[in-house]
2 protein chains.
Amino acid sequence: MKPLDGITLLDLSRVLAGPYCTMLLAELGARVIKVERPDGGDDARAFGPHVDGQSGYFASVNRGKQSLALDLKAPADRALFERLLGRADVLVENYRPGALARLGYDWATLHARWPRLIYGAVSGFGHTGPDRHKPAYDMIVQGMGGLMSVTGEPGRPPVRVGTSVGDITAGLFLSNGLLAALYQRERTGQGVFVDVAMLDGQIAILENAIARYFATGQAPGPLGARHPAITPFGAFKAADGHLTLACGNDALFASLCAVLGAADLAADPRFADNPGRTAHADALQAALEAHLAKRPVAEWLPLLDAAGVPCGPIHDVGQAVHHPQVQARHMVVRAGGLKMAGNPIKISGMPDPTERPAAPALDGDRAAILAWLEETP
Amino acid sequence: MKPLDGITLLDLSRVLAGPYCTMLLAELGARVIKVERPDGGDDARAFGPHVDGQSGYFASVNRGKQSLALDLKAPADRALFERLLGRADVLVENYRPGALARLGYDWATLHARWPRLIYGAVSGFGHTGPDRHKPAYDMIVQGMGGLMSVTGEPGRPPVRVGTSVGDITAGLFLSNGLLAALYQRERTGQGVFVDVAMLDGQIAILENAIARYFATGQAPGPLGARHPAITPFGAFKAADGHLTLACGNDALFASLCAVLGAADLAADPRFADNPGRTAHADALQAALEAHLAKRPVAEWLPLLDAAGVPCGPIHDVGQAVHHPQVQARHMVVRAGGLKMAGNPIKISGMPDPTERPAAPALDGDRAAILAWLEETP
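Please read these numbers as outputs of a predicted model, since none were measured by experiment.

Section: the relation of the copies chain B and chain A
Thought 1: Of the transformation superimposing chain B on chain A, the axial component is 0.0 Å and the angular component is 180°, with the fit at an RMSD of 0.0 Å. The transformation relating the two chain copies, once decomposed into turn and shift, fits a two-fold axis.
Thought 2: Mapped onto chain A, 100% of the interface residues of chain B are again interface residues, and the two copies thus contact each other with one and the same surface.

Focus on the domain arrangement of chain A
Thought 1: Segmentation of chain A into domains returns domain 1 (8-205 + 327-374) and domain 2 (233-313).
Thought 2: The centre of domain 1 of chain A, based on its C-alpha atoms, is set 43 Å off from the matching centre of domain 2 of chain A.

Some remarks on the sheet that holds strand β15 (residues 355-356) of chain B
Residue and element names in this part refer to chain B.
Thought 1: Strand order across the open sheet formed by three strands is β13-β12-β15, with mixed pairing between neighbours. At either end of the open sheet lies a strand with only one pairing partner, and these are β13 (338-341) and β15.
Thought 2: Pairing of strand β12 (residues 332-335) with β15, which is carried by two bridges, proceeds in the parallel orientation. Across the sheet, the residue bridging to Ala335 is Arg356, located in β15.

Some words on the interface of chain B and chain A
Thought 1: Across the boundary between the two partners, chain B contributes 121 residues, which contact 121 residues of chain A.
Thought 2: It is helix α7 (residues 165-188) of chain B that contributes the most residues to the side of chain B that touches chain A, 14 residues altogether.
Thought 3: In the side of chain B that touches chain A, the residues fall into 73 nonpolar, 35 polar and 13 charged.
Thought 4: As judged from the two bridges shared by strand β14 (residues 346-347) of chain A and strand β8 (residues 193-197) of chain B, these two strands associate in the antiparallel manner. Within β8 of chain B, the residue paired with Lys346 of chain A across the bridge is Asp195 of chain B.

A look at the environment of Arg226 of chain A
Residues and elements named next belong to chain A.
Thought 1: Within the secondary structure, Arg226 is located in the loop between α9 (208-216) and β9 (233-237).
Thought 2: A residue is classified by how many C-beta atoms lie within 10 Å of it, and Arg226, with 22 of them, is buried.
Thought 3: Placed 213 residues apart in sequence, Arg226 and Ser13 show a C-alpha to C-alpha distance of 37 Å.
Thought 4: Residues within four places of Arg226 in sequence aside, it is in contact with Thr231, Phe233, Gly234 and Ala281.

Examining the packing of helix α1 (residues 17-27) of chain A against helix α7 (residues 165-188) of chain A
Residues and elements named next belong to chain A.
Thought 1: Two elements in contact, α1 and α7, have axes separated by 8 Å at closest approach and are oriented at 45°. With respect to α7, the element α1 is oriented oblique. At the point where α1 passes α7, the crossing takes the right-handed sense. In contact with Ala17, Gly18, Tyr20, Cys21, Leu24 and Leu25 of α1, α7 contributes Asp167, Ile168, Ala170, Gly171, Leu174, Ser175 and Leu178.
Thought 2: The residue makeup of the contact of α1 with α7, split by class, is nine nonpolar, three polar and one charged.

Some thoughts on α1 of chain A
Thought 1: Among the 11 residues in α1 of chain A, 11 count as buried, and that is most of the element.
Thought 2: Downstream of α1 of chain A by one or two residues, Gly29 of chain A has phi in the positive range, about 115°.

Thoughts on the nonpolar core
Side chains of a nonpolar character, in soluble globular proteins, are inclined to be buried together.
Thought 1: Residues Leu9, Leu25 and Ile210 of chain A together with Leu9, Leu25 and Ile210 of chain B are the most contacted members of the largest nonpolar core, which totals 234 residues.
Thought 2: Beyond its immediate sequence surroundings of up to four residues, Leu9 of chain A is in contact with Thr22, Leu25, Ala30, Arg31, Val32, Ile33, Ala88, Asp89, Val90 and Val92 of chain A.

The rules behind these values
- Residues numbered from 1 in each chain as written.
- Chains lettered and ligands numbered in written order.
- Predicted model: local features only at pLDDT ≥ 70, side-chain atom pairs only at ≥ 80, totals over all residues.
- Least-squares fit on C-alpha atoms with pLDDT ≥ 70 in both.
- Contact = placed C-beta atoms within 7 Å.
- Domains from an automatic or database assignment.
- Pairing = 2+ DSSP bridges.
- Helix = DSSP H or I, 4+ residues; strand = E, 2+ residues; numbered from the N terminus.
- Nonpolar A, V, L, I, M, F, W, Y, C, P; charged D, E, K, R; others polar.
- Buried ≥ 20, exposed ≤ 12 C-beta atoms within 10 Å, placed from the backbone.
- Axes fitted to C-alpha atoms, helices over the stretch in contact; angles between N-to-C directions.
- Parallel < 35°, antiparallel > 145°, perpendicular 65-115°, else oblique.
- Left-handed = near helix turned anticlockwise from the far one by under 90°.
- Core = buried A, V, L, I, M, F, W, Y, C linked by C-beta atoms within 7 Å.

As structure tokens, then:
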């Protein structure tokens, strides 16, 4: 019923990039065994706020996984870990490069002993290159990768993207690599090593900014809420707050002007085409906001919708998760009594209930995992 | 040599979310046939700035693909499209939901005629739910999904993330779904429909913000450059500009204080643990910046590095792409004479050269594609 039914992942990763990747693979049907250190396990278990003793943060990225506590320096635990490696399809970790090798589990050794095993690593800077040994966190790669330089307002201090997109995109690139490796193994019978760096992931999502830099030699700066090349495409102030507009062509701009009763803007030669509107973006923003000031957001949106002008409210997180479309798509689910984001990959025939299995207690699945190891493979 | 060697994708998608997904799959070895409308093709071909007549933006997300121009309302072109569907493994589109069905290619019809074909769709709101027919662009879903509400500075106007993470994350969720579907087909012999919504993707990346909302009932706001739960973890002003620091535990904070010569902060009871530092984040920021003001960024970073304190510069896009680690990881590649971001999924045994095949001219591969169709499958 699920694409990865029957696949087992052994997951040494902690906090976010690795666990996000394996949570996604668990949603797609994989059995994920979290191997945690005995003294407290995954650091994210301690991240607040807690609800009924559970970290909502930990629960949200570890639902549906199993947990086994192992000390990878203790001989008996290493033997058990190696029995698991012999049964697993995929090993995932997000240690600093070299750390797992120092425990004796470098790729050459892993591949020689378990040739079908796929090994996925996500780290700040990757397993090659001069900075491979340096520590990195989301903040560091958002800064180094250029994303901070194009986010925020011109002339104001730098801002980070409000969620850890450095970790999350790296987790998504890793899950892509692991899925491709599983497919490849069907044909070759061999596992591969997938090496993803958070910094690389930041470069890979620079989109417009990197295309613009290489075309012009000029590094783009932040533009507040507006798009660098499409206008009007941004956030605009109405009587009681902001809304978003995205007019990608002249026809949509004409429709927008009609809804606003802004015949002056429709006729203004500066705003006749997208290059003109982009060149005069500040003047256009002020002019549009003068019209938008006549009504509140809740009145404008249905008028704009009816005219086919792409628009939307700016939701806080509470408004976002309670939105009827988000609810209809089962994008809020419950696991172990806590609410969290659902699975955005909807696949025909794959169940997508609003209840998910809970995140595991530390070492909570030891007996079940030992029993499974005793079964004939 | 590449995981998806031998796989053919038929790609009706335009601009960003779909093309980003299929670019990634092309990097992993898939043959991607872009089916474009004859009058101008993919809208992104017109996106500036252009270099030697090529859109750098278009080239960067369409390198290594083939192009065939077809009018899906013309009988002869439909017949050719259907021959391609008979040979393809995957069909990808990012029309508004219902548009492809109106051309006669709804999922039920596709699946009945070509049971092994996998169908991937990415749209603003998805193929189900009350808002499925509405148009959406990156700006709209960044606003509706809550990401804008946690990005930027408190008390300032909303800002968007400076790259189109609404499109890009949706593209990444779709590529995950398609890879999982390819693996599943090895066992079932059947294709599936993968339905990804940009808005769903925004909910799925809310991370800390959504965990915090569900734990407390309070919607979090923007925090500038700082992390909501870890302190100091943000951007800090030195003598000549900002740097980032990420001290996830007390030992790292102690190391930071030692490097700064800030015995006063190390001894301050308000800053003794992470909850205290987070509760007094503004006071700590000011105190740290008073010390950081004594030296420029370029002097602080090696001192912090040497002490093992996670830190980094804030790069503009030019500095980011020229960084030695980024270069060493081949994260800048050249295709058709243009530079662009490389592939962040590094797989053992898979070539990762710094030259990539160019993006196609509109309809530039018609002869090759027709010849391929004549070959015995």
